[in-house]
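Chain by chain, the residues run as shown.
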Amino acid sequence: MKKLLIECLLLLAVLIACPCAGAAGFDINTDGNVDSLDYRLLSERILDKNAAYEARFDIDGNGTVDAVDLNRLIREMNRVLVVPVRDGVVIRMIMVESGTFILGATKEQGADATTDEVAHNVTLTKDYRIAETVVTEQLWSAVMDTTAAPVASLKPKVRITWHDCKAFVTELNKRTGLTFRLPTEAEWEFAARGGRLGRGYHYNPKDTASWGYKYAGSDNVDEVAWHRWNSDLEAHTVALKKPNELGLYDMNGNVYEWCEDWFALFTTAAATNPKGPATGVGRVIRGGSYTTEQNYCRVTSRSGYQPGSCVSTLGFRLAMDAK
Ligand SMILES: [Ca+2]
Ligand SMILES: [Ca+2]
Ligand SMILES: [Ca+2]
C-alpha cells in the first residue's frame, strides 16, 4: 500500500515536472501534409544527439524524441497516401485494413432498414485505400481539363455518368501511374462503417455497446451528413461535417456515390471480396444525398442507378488496392 502511494506521488511529480508534455502533430513542418519531409526532419533530429528537446518532434508526447515517435510517423504516412495531381491539387487516400464484417442491416439500423439490406457476412481479404472525400470539381478539372488552371471549387463533382467516372479514372491513372478505381459496394460499406476502427467492428447483436453507428461516424445524422433537412437543398463543400472513424468525410449525405458493382438483391450467404453480379440494369449508388431524407443517409442504405444517367446529387469516390 505504502509502495503504491509512493509510486503515485512519483507519477504526480513527473506529471508536474513536464507541464508541456502532450502529443505533437504528425505534420512536423506544418505544411499541411504528413510525408517524407516530416520523416526526414524527425529522423535527423533523432540522429542529432546534441539537439535540445523540442515538443514538435515528440509525437507521443512522452518528453523524449526517439524511434517510437518515428514509428508512429511511419504508421501515419502509411495510413494516408497523398497523391499529387497537378498545380498543388492532391488526392488523400486512406488505408482500410482488410477484415470481416456484417454487410447490411445490423441492429443499429433499427426500423429504418429496408428489405434489400439483407445482413450477411463479408470478408475483404486485401487492404485497400479509399479517398478521404468524394472527387471535387477542383480535382475533376485538374484531371479532365488541362488547358486551364484547376477550378477553386471543393464541391463534389456531379452530373457525371458511371462511364464518365471510368473515363476520369483512366485519365487519372495515366497522369499518376497509379491504379485508381471505383470501390466495390462491400468496400464502400466497410469503409463507411469505419473498417477495423469502426465502433461496430466487434459487433454482437446482444450487446448494444458493440453496435456501430447508424450514419457513417455518428448516430446523429446532422453531425456527419448533409441531407434534405439541413442542406438548403444544395451540395456543400466536402469535409465540413465530422469524419467517421477512418477519417472519411461525407460518406453519408452530400452526394450519392457510384460504386463498381451492378445492383442486385443480397442473399444471406457469406461472401469473400464480393463484386456483385456479372450483369444488371443499374450500378450501385450509396450514401444518400443533400436531397434525400436522413433514412437514405444510413451506412447500409443502397440503391441502383442506370450507369448512363447523370444527376446533380450523384458523384463518386476513388479507391485503389493498397498493394
Ligand atoms: Ca509536413
Ligand atoms: Ca516521444
Ligand atoms: Ca456521400
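Quick notes on the rules
- Residues numbered from 1 in each chain as written.
- Chains lettered and ligands numbered in written order.
- Predicted model: local features only at pLDDT ≥ 70, side-chain atom pairs only at ≥ 80, totals over all residues.
- Buried ≥ 20, exposed ≤ 12 C-beta atoms within 10 Å, placed from the backbone.
- Helix = DSSP H or I, 4+ residues; strand = E, 2+ residues; numbered from the N terminus.
- Pairing = 2+ DSSP bridges.
- Contact = placed C-beta atoms within 7 Å.

Engineer: Provide a residue-level description of the pairing of strand β5 (residues 128–131), including the pertinent values.
Structural biologist: Along a regular strand, successive side chains alternate from one face of the sheet to the other. Side chains Tyr128 and Ile130 project from β5 onto one buried face, and the interleaved Arg129 and Ala131 project onto a second face that is buried too. Alignment of strand β2 (residues 89–96) against β5, held across 4 bridges, turns out to be antiparallel. Counterpart to Met93 in the pairing with β5 is Ala131. Inspection of the sheet shows β5 paired to strand β11 (residues 319–321) by 3 bridges, in the antiparallel sense. Considered in β11, the bridge of Arg129 is made with Met320.

Engineer: Residue-level account of the sheet that holds strand β3 (residues 99–103), with values.
Structural biologist: One open sheet accounts for 3 strands, arranged β3-β4-β7; its pairing is mixed. Strands at the two margins of the open sheet, each flanked by one partner only, are β3 and β7 (271–272). Pairing analysis gives 5 bridges linking β3 to strand β4 (residues 120–124), with the strands arranged antiparallel. For Gly99, the partnering residue across the bridge sits in β4 and is Leu124.

Engineer: Let's hear about unusual backbone geometry: which residues, and what values?
Structural biologist: Working note: non-glycine residues mostly have negative phi, and peptide bonds are mostly trans. Positioned with a positive phi, Thr30 is a non-glycine residue whose angle comes to about 45°. The exposure class assigned to Thr30 is exposed, which follows from the 9 C-beta atoms found within 10 Å. Notably, Asp232 is not glycine yet its phi reads approximately 55°, a positive angle. On the basis of neighbour count, Asp232 is assigned to the exposed category, with 9 C-beta atoms found within 10 Å.

Engineer: So, the environment of Ala235: which residues are in play, and what are the values?
Structural biologist: Here Ala235 shows up in the loop between α7 (221–224) and β6 (256–262). For Ala235, a count of 24 C-beta atoms within 10 Å corresponds to the buried category. Along the sequence, Ala235 and Gly253 sit 18 residues apart, while their C-alpha atoms lie 9.2 Å from each other. Sequence-distant contacts of Ala235, that is, excluding residues within four places in its chain, are made with Lys155, Pro156, Val158, Asn254, Val255 and Tyr290.

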